[in-house]
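Topology and contacts: notes
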Amino acid sequence: MPLTIAELYASPPLGELLTLHGWVRTRRTTRAVSFVELQDGSTLKALQVVLPHDKIPRQRIEAELHTGASLAVQGRLKPTPDRPQPFELEAESYTLYGAADPETYPLQKKAHSLEFLREITHLRPRTRTFQAIFRIRSGLSFAIHQYFQSHGFVYVHTPILTPSDCEGAGQLFQVTTLPLLSVPKNERGEVAYEEDFFKRPAYLTVSGQLEGELLATALGKIYTFGPTFRAEPSHTPRHLAEFWMIEPEMAFYDLSMTMDLAEDFLKYLVREVMERFPEELEFLSERYEPALLSELRKAVEGDFLRLSYSEAIEILQKSGKNFQFPTEWGSDLQAEHERYLVEEYAQRPVIVYNYPKSIKAFYMRQNDDGQTVAAFDVLFPRIGEVIGGSQREERYDKLLQRMQELGMDLTPYQAYLDIRRYGTVPHSGFGLGLERLLLFLTGMTNVRDVIPFFRAAGQMG
Ligand code: 4AD
Ligand code: MG
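Residues numbered from 1 in each chain as written. Chains lettered and ligands numbered in written order. Predicted model: local features only at pLDDT ≥ 70, side-chain atom pairs only at ≥ 80, totals over all residues. Heavy atoms only, no water.

Time to look at helix H5 (residues 209-219). Buried within H5 we find Gln209, Leu210, Glu211, Gly212, Glu213 and Ala216. Against strand S7 (161-162), strand S10 (221-229), strand S11 (242-251), helix H12 (414-421) and strand S16 (427-433) lie the buried residues of H5. One or two residues past the end of H5 sits Gly220, with phi positive at roughly 95°. (Buried < 20%, exposed > 50% of the residue type's maximum accessible area, 1.4 Å probe, protein only. Helix = DSSP H or I, 4+ residues; strand = E, 2+ residues; numbered from the N terminus. Contact = heavy atoms within 4.5 Å.)

Pairing between side chains of opposite charge can happen when the charged atoms of each approach one another. Under the definition given, this model contains 30 salt bridges. Linking Arg392 and Glu213 is a salt bridge whose minimum nitrogen-to-oxygen distance equals 3.9 Å. Highlighted residues: Arg392 in the loop between strand S15 (384-391) and helix H11 (396-405) and Glu213 in helix H5, separated in sequence by 179 residues. Overall, Arg392 belongs to the buried group, its relative accessible area being 2%. (Salt bridge = Lys/Arg side-chain N within 4 Å of Asp/Glu carboxyl O.)

Here five strands make up a closed barrel; going around it, the order is S1-S2-S3-S5-S4 and the pairing mixed. Taking the axes of each pair of neighbouring strands and ignoring which way they run, one obtains an average angle of 55° across the sheet. In terms of strand pairing, strand S4 (residues 70-79) meets strand S5 (residues 87-98) through 10 bridges, oriented antiparallel. For Pro79, the partnering residue across the bridge sits in S5 and is Phe87. (Pairing = 2+ DSSP bridges. Axes fitted to C-alpha atoms, helices over the stretch in contact; angles between N-to-C directions.)

Read from one edge of the open sheet, eight strands run S6-S10-S11-S16-S15-S14-S13-S12, paired in mixed fashion. Because the sheet does not close on itself, it has two edges, and the strands there are strand S6 (154-155) and strand S12 (305-308). In this structure, S12 lies alongside strand S13 (residues 350-356), joined through four bridges in parallel fashion. Each bridged residue has a counterpart across the sheet, and for Leu307 the counterpart in S13 is Val352.

A surface patch of nonpolar side chains, about 390 Å² in accessible area, is lined by Ile160, Leu161, Phe197 and Phe198. Looking at the element boundaries, Ile160 is found in the loop between S6 and S7. In this structure Ile160 comes out as partly exposed when scored by relative accessible area, which is 35%. (Patch = residues over 30% accessible without salt bridge, like charges linked within 9 Å, V, L, I, M, F, W, Y side chains within 5 Å. Areas by Shrake-Rupley, 256 points an atom, 1.4 Å probe, with all protein chains shown as cover.)

The structure is reproduced here in structure tokens:
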């Protein structure tokens, strides 16, 4: 297996003849030697390669080794105690894999704006910024599995193609093989779905929760971790049309146990990332968000502040702030409200619970006051909502009544209702948006910058 730069830094085989592979980050040429900073994606650190012109002709180096070019280089590792880097590779020869024309290669030595890099998602992973972000994304995903696997949860794969709208928000991408130009209709003028692929309407899932509930009421504790899709027309830095969601669902958990789990889970994830990626975090903090490390530390140290929705509304009304959106009881919390609660009022993460039933999804458990449901959101600094969750309505009659009130077509929900007819149990769960949490962890401000290839309204980056 090819040796990586990360392995060199872990235990430098000084003096041995080695072959390293990578891409040129920068080159500097003097009279006698050229210096190439080589990167290979295994670490944020580069390898300094020294190419003596008496061994490798200067003209060849100047013609071939531009930023972005790829090569294999043979040489010996020499210690450099008086330099910033601990060692450098003294090259004896190299083989060019692929040139990168400096006239057209879009990444040059200067720092590029994130907006510009969004236009070249195929090349931005070559920058240190995106290497740091994607490495953190990978480690975070691993930590998520680690947490649940060590707490007795079963990882389940819920379907991506589904007949139902879990959140009832109508933000579905429809999936069909019917011809767009001549959609078959029945005698009442409706789409003839019996001629469609599934013989019924089908969509990309907005959440694995409904199927997750079916599995949790057999397996006890489950979690999903997969892509979800929302035809979200809004152009915001926090919404994607395709994003990754983690959804645990637990039988016999009530709302307060679920909030405890969410808090413990988030703190574990932040701690793991801080422990495994100090170099990446420091780099991102220096470049993008000076408060990053102190925010991360604050999130894992104290308790999250828990406020009922009614308390939160009162705090907002008394804040003396001139919010753009209303703060009447019954109105949904907007980003500006969430940020006030977290950044100014609590100065730490906040959990808001017991929301008005009218602004939440049909499946949430109705509280005895008749007005609210057992729902909660976890709010983080800079981001607002990272988690949305609830205790589920396990009482068949109450659930049916709510679905009828909302005028829902019950056809796709028969299995969901059945679970309440046979051995129903109290159960709860939540959904964590992977990209939202990554904004918090990396100091980025746009979800398009924490996923390799973004999909958002009007954009496929
Ligand atoms: O609050 P949401 O809509 O909740 C659900 O989907 C529930 N079914 C979850 C559950 O209880 N199992 O979404 C959950 C989280 C949000 O808190 C947010 O972090 C993220 O998913 N999210 C998005 N992330 C990026 N782009 C979008 N368009 C998102 N919509 C939600
Ligand atoms: Mg939500």
